[in-house]
Amino acid sequence: MTEARPCVLLVDDEPRTLELLGAVLEHQGFQTSLAATPQAAIELLRTLRFDAVVTDVVFDGYAEGSLVLAAARDLQPRAIILLMTGYPKIEGAVSAIKAGALDYIQKPVDGIMLGTFLERALKEREIERPNLVFKDLIEILSAMVANTIERVDPYTAGHGSRTRKYCRFLAEKLGLERERTEHLELAAIAHDYGKIYLDDLGFLTKKGPLTEAEFQAVQRHPQLGAKKLGHHSQLAEVRRFVAEHHEKWDGTGYPNRLAGDAIALESRILCVVEVFDSLATKRSYKDIWPLAKVQAYFTEQRGKAFDPLVLDPFLAMLERDGERWMRAPAEDLRAAGLALEA
Ligand SMILES: [Fe+2]
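These figures come from a predicted structure and were not determined experimentally. (Residues numbered from 1 in each chain as written. Predicted model: local features only at pLDDT ≥ 70, side-chain atom pairs only at ≥ 80, totals over all residues.)

**Overview of the overall build of the protein chain**
Working step 1: The helix and strand tally for the protein chain stands at 15 helices and 5 strands.
Working step 2: Expressed as a percentage of the 342 residues in the protein chain, the buried residues total 38%.
Working step 3: Residue pairs in contact within the protein chain that sit at least 24 positions apart in sequence constitute 64% of those at least 6 positions apart. (Helix = DSSP H or I, 4+ residues; strand = E, 2+ residues; numbered from the N terminus. Buried ≥ 20, exposed ≤ 12 C-beta atoms within 10 Å, placed from the backbone. Contact = placed C-beta atoms within 7 Å.)

Quick look at the structure:
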């Protein structure tokens, strides 16, 4: 939390909800302003400065939350915007996020949870602040991923943090210096963040293979993700690795069909590791591959999709740790309270 108390505008047509949420947020250190109508909220947006706007979507049967959302975007572009609704749907979350809301939460809203969410969201906004150290960036990016992409597709829970861990091991084995390894770790956490900005998030949890059109759309996620990491100078390399994580050694990857050394070494590491963890994970469209099948696939793709310089030490690591790493995704899902069966 910063020196000054963060200012939150709460908008809801139920007086009890407003008062209760306001009181709980005040107790947690926020300064709150309350508005019972979109018009009152817009008036406040014109006169006061807010760090966050939390608004109901439906007022007296009309979906006027979008008016507040548009006004907040226009008048206070730096504010975090959160929508509350009684009708939670992934589609709703997606359109809210695209319209500029940070997220979409289901009513009744728990004040303590809301406060926690706002604190985390305010932290995410800090990504543009100067002088962030590695630990801050890890925390911010982890929260961004857990709060978005891993919530839309819960089967990816822990994918970013596992990818980070294996990337670090492989980078150490390849003798990468510390700063490069840290940038790689940040990219590993955030590599799929761009998926939250795809036009149709239904792809992410679709059972069965994607159509050609869907696959074309999904191919935008590396560049979308890189773009959404902001302009922080410390993240320049990270943005590059995120953008390149689906490029392949032989030039058959996407989005730019880069080949060989034109792809950063860190991106080549991320590519191998990320594919491994995806194969070790149950997804909506595929089961977990057995370790032997994963190893056979990597061996067959040596010098094709994957750089041998990176792949060979990774295969050696799989000989030693592969069985344990294959169990990690299911363990992370259980820890997240999710069963393995779809
Ligand atoms: Fe990806």
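Next comes the rest of the description.
**A look at the sheet that holds strand β1 (residues 7-11)**
Working step 1: Read from one edge of the open sheet, 5 strands run β2-β1-β3-β4-β5, paired in parallel fashion. What marks the edges here is a single partner per strand, and that holds for β2 (31-35) and β5 (103-106). For this sheet, the mean inter-axis angle between neighbouring strands, taken without regard to orientation, is 20°.
Working step 2: Sheet topology places strand β3 (residues 52-56) next to strand β4 (residues 80-85); 5 bridges connect them, and they run parallel. Each bridged residue has a counterpart across the sheet, and for V54 the counterpart in β4 is L82.
Working step 3: Across the sheet, helix α1 (residues 15-27) lies against β1 and β2, angled at about 170° from β2, the strand it touches most.
Working step 4: Contacting β1, β2 and β3, helix α2 (residues 38-47) crosses the sheet at an angle of about 160° to β1. (Pairing = 2+ DSSP bridges. Axes fitted to C-alpha atoms, helices over the stretch in contact; angles between N-to-C directions.)

**Some details on the packing of helix α11 (residues 221-228) against helix α12 (residues 236-244)**
Working step 1: It is at 7 Å that the axes of α11 and α12 come closest, and there the two elements cross at 165°. Here α11 lies roughly antiparallel to α12, going by the angle between them. Crossing hand, α11 versus α12: right-handed. Between α11, through P222, Q223, G225 and A226, and α12, the contact on the second element is made entirely by R239, V242, A243 and E244. (Parallel < 35°, antiparallel > 145°, perpendicular 65-115°, else oblique. Left-handed = near helix turned anticlockwise from the far one by under 90°.)

**Details of the environment of Y166**
Working step 1: One can find Y166 in helix α8 (residues 159-173).
Working step 2: Assessed through the 23 C-beta atoms surrounding it within 10 Å, Y166 is described here as buried.
Working step 3: Expressed as a C-alpha distance, the spacing of Y166 and M317, which sit 151 residues apart in the sequence, is 9.4 Å.
Working step 4: Those residues in contact with Y166 that lie beyond four places of it in its chain are V273, F276 and D277.

**What to know about α12**
Working step 1: Of all the positions in α12, only V238, R239, F241, V242, A243 and E244 are classed as buried.
Working step 2: Check the buried side of α12 and you find it contacts α9 (178-190), α11 and α13 (265-279).

**Details of the nonpolar core**
Working step 1: Core analysis: the biggest nonpolar cluster contains 45 residues, and C167, A187, A190, I269, L270 and V272 have the highest contact counts within it.
Working step 2: Ranked by the residues each element gives to this core, the list is headed by α13, at 7 residues.
Working step 3: Ignoring anything within four residues of it in the chain, the contact list for I269 reads C167, L170, A171, L184 and V310. (Core = buried A, V, L, I, M, F, W, Y, C linked by C-beta atoms within 7 Å.)

**Here we look at α13**
Working step 1: Here α13 is 15 residues long and its end C-alpha atoms lie 22 Å apart, about the 21 Å a rise of 1.5 Å per residue gives.
Working step 2: A large share of α13 lies buried, amounting to 12 of its 15 residues.
Working step 3: Within the sequence span of α13, burial applies to E266, S267, R268, I269, L270, C271, V272, V273, E274, V275, F276 and D277.
Working step 4: Contact partners of the buried residues in α13: α8, α9, α12, α14 (291-300) and α15 (308-335). (Expected span 1.5 Å × (residues − 1).)

**As for the packing of α14 against α15**
Working step 1: For the pair α14 and α15, interaxial distance at closest approach is 10 Å and the crossing angle is 170°. The angle between α14 and α15 places the two elements in the roughly antiparallel class. Judged by residue contacts, L291, Q295 and F298 of α14 engage L311, L315, L318, G322, E323 and M326 from α15.
Working step 2: A per-class count over the contact of α14 with α15 returns 6 nonpolar, 2 polar and 1 charged. (Nonpolar A, V, L, I, M, F, W, Y, C, P; charged D, E, K, R; others polar.)

**Section: the pairing of β4**
Working step 1: A large share of β4 lies buried, amounting to 6 of its 6 residues.
Working step 2: Burial along β4 is two-sided: the residues I80, L82 and M84 and I81, L83 and T85 are all buried.
Working step 3: When β4 meets β5, the two strands line up parallel, connected through 4 bridges. For M84, the partnering residue across the bridge sits in β5 and is I105.

**Re unusual backbone geometry**
Glycine aside, residues mostly have negative phi angles, and peptide bonds mostly take the trans form.
Working step 1: Geometrically, the link from Y254 to P255 is a cis peptide bond, its omega value of 5° lying close to zero.
Working step 2: Along the chain, P255 falls in the loop between α12 and α13.

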